[in-house]
Amino acid sequence: MQQHINIRGLVIREVDFGDQDRYITVLTDSGVKIEVLCRGIRRKGARLAAAVRLFCYAELTLYEGRGKYTLNDAALLSSFWDVTQDIEAYALCCYFAELASLMSDSDEPLPAVTRLMLYALRALCDKKRPLPLVKAAFELRLLAEAGFAPQLEACGACGGEPAPPMFSIQEGTAVCAACARRLGGAWTALSGGTFAAMRHILASGLPKVFSFSLGEPSAGQLGALCEGYTLYHTERGFASLDFYHSLFQPAMVVPKRGKGAGGGEGRTDGQNR
Ligand SMILES: [Zn+2]
């Protein structure tokens, strides 16, 4: 039996189908991922075309039948289509969409993923934050929301303050320098700025996740660690990430143990610290 449903959602993928149709992948407000068939949407002058473009957030009226969704009506709420005008920001959005899609499914709602994606798109459209910082913050917070949060509040071994902080992508925890020496293995000495930024990204309210600044070399260290953390814990690569790196940002190398310390140049401008 078919039924009518109304949802709000963000289009994160489009796949053309047939001569005039298109499938869109939508992250809904309630945090699930659905596929929606948009019949005739590629016809010239199609009434709903502008509301269901890539990176548009819209109110959708759908027919649901046997777990399949067909678009019936749509009203645009916010368009982030502008990001497609800047190739680097566009490449980053495609990577964010691929990551968010991987972390979402049709059964287990993760509303924070949809909200994080909307705030990331807003940050990229506003152009106030350096893209590598937006990227790092999105990666780390997304992984955390999906159940892969690293432990940074206390030393993962002795439970004390992790000072100076040492971090392991594989272990997913910070430890104090004494425990790192005792445990052995690959630990990266975090700069004060990197450590503060990572704590901010994980602990701040979603609207403030991208509200921080960070100078070099900490920004480079943060970028390398967040990307490394994402690739390690998702256990895969991303074509969209390779494309992003091929454009402007060379792939980052995770700093060796003992390098990149110092810092303290991190700053957050929210009230969530
Ligand atoms: Zn310790």
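Residues numbered from 1 in each chain as written. Predicted model: local features only at pLDDT ≥ 70, side-chain atom pairs only at ≥ 80, totals over all residues.

(A) Spatial organisation of the packing of helix H1 (residues 87–103) against helix H3 (residues 131–148). Put simply, H1 and H3 touch, their axes get as near as 11 Å, and they point 5° apart. Here H1 is positioned roughly parallel relative to H3, judged by the angle of their axes. Only Leu131, Lys135, Phe138, Leu142 and Ala146 of H3 make contact with H1, whose side of the interface consists of Glu88, Ala89, Leu92, Phe96, Leu99, Ala100 and Met103. Considering only residue class, the contact of H1 with H3 consists of 10 nonpolar, no polar and 2 charged. (Axes fitted to C-alpha atoms, helices over the stretch in contact; angles between N-to-C directions. Helix = DSSP H or I, 4+ residues; strand = E, 2+ residues; numbered from the N terminus. Parallel < 35°, antiparallel > 145°, perpendicular 65-115°, else oblique. Contact = placed C-beta atoms within 7 Å. Nonpolar A, V, L, I, M, F, W, Y, C, P; charged D, E, K, R; others polar.)

(B) Seen up close, the packing of helix H5 (residues 192–203) against helix H6 (residues 218–234). The N-to-C vectors of H5 and H6 enclose an angle of 50°; their axes lie 8 Å apart at closest approach. Between H5 and H6, the angle falls in the class oblique. Read as a crossing pair, H5 and H6 show a hand that is right-handed. Residue-level inspection shows Gly193, Thr194, Ala197 and Met198 of H5 in contact with H6, the latter providing Ser218, Gln221 and Leu222. (Left-handed = near helix turned anticlockwise from the far one by under 90°.)

(C) Local environment of the domain arrangement of the protein. Along its sequence, the protein is carved into domain 1 (3–82) and domain 2 (129–268). Put simply, the middle of domain 1 and the middle of domain 2, counted by C-alpha atoms, are 35 Å apart. (Domains from an automatic or database assignment.)

(D) Representation of the confidence of the model for the protein in the model. Mean pLDDT over the protein: 89, with 90% of residues reaching 70 or higher. Predicted confidence in the protein is weakest over strand S10 (residues 267–268), with a mean pLDDT of 44, and strongest over H5, with 97. Confidence over residues 254–273 falls short of pLDDT 50; this stretch has 55 contacts with residues more than four positions distant or in other chains. (pLDDT = per-residue confidence, 0-100.)

(E) Broad picture of the sheet that holds strand S1 (residues 3–17). Taken in spatial order, the 5 strands of this closed barrel run S1-S2-S3-S5-S4, and their pairing is mixed. Strand-to-strand, the axes of this sheet are offset by a mean angle of 50°, without reference to chain direction. The pairing of S1 with strand S4 (residues 56–65) spans 8 bridges and is classified as antiparallel. Within S4, the position partnered with glycine 9 by the bridge is alanine 58. Against the sheet, H1 contacts S1, strand S2 (21–28) and strand S3 (33–38), and its axis sits at roughly 130° relative to S1. Across the sheet, helix H2 (residues 111–126) is in contact with S1, S2 and S4; its angle to S2 comes to roughly 105°. (Pairing = 2+ DSSP bridges.)

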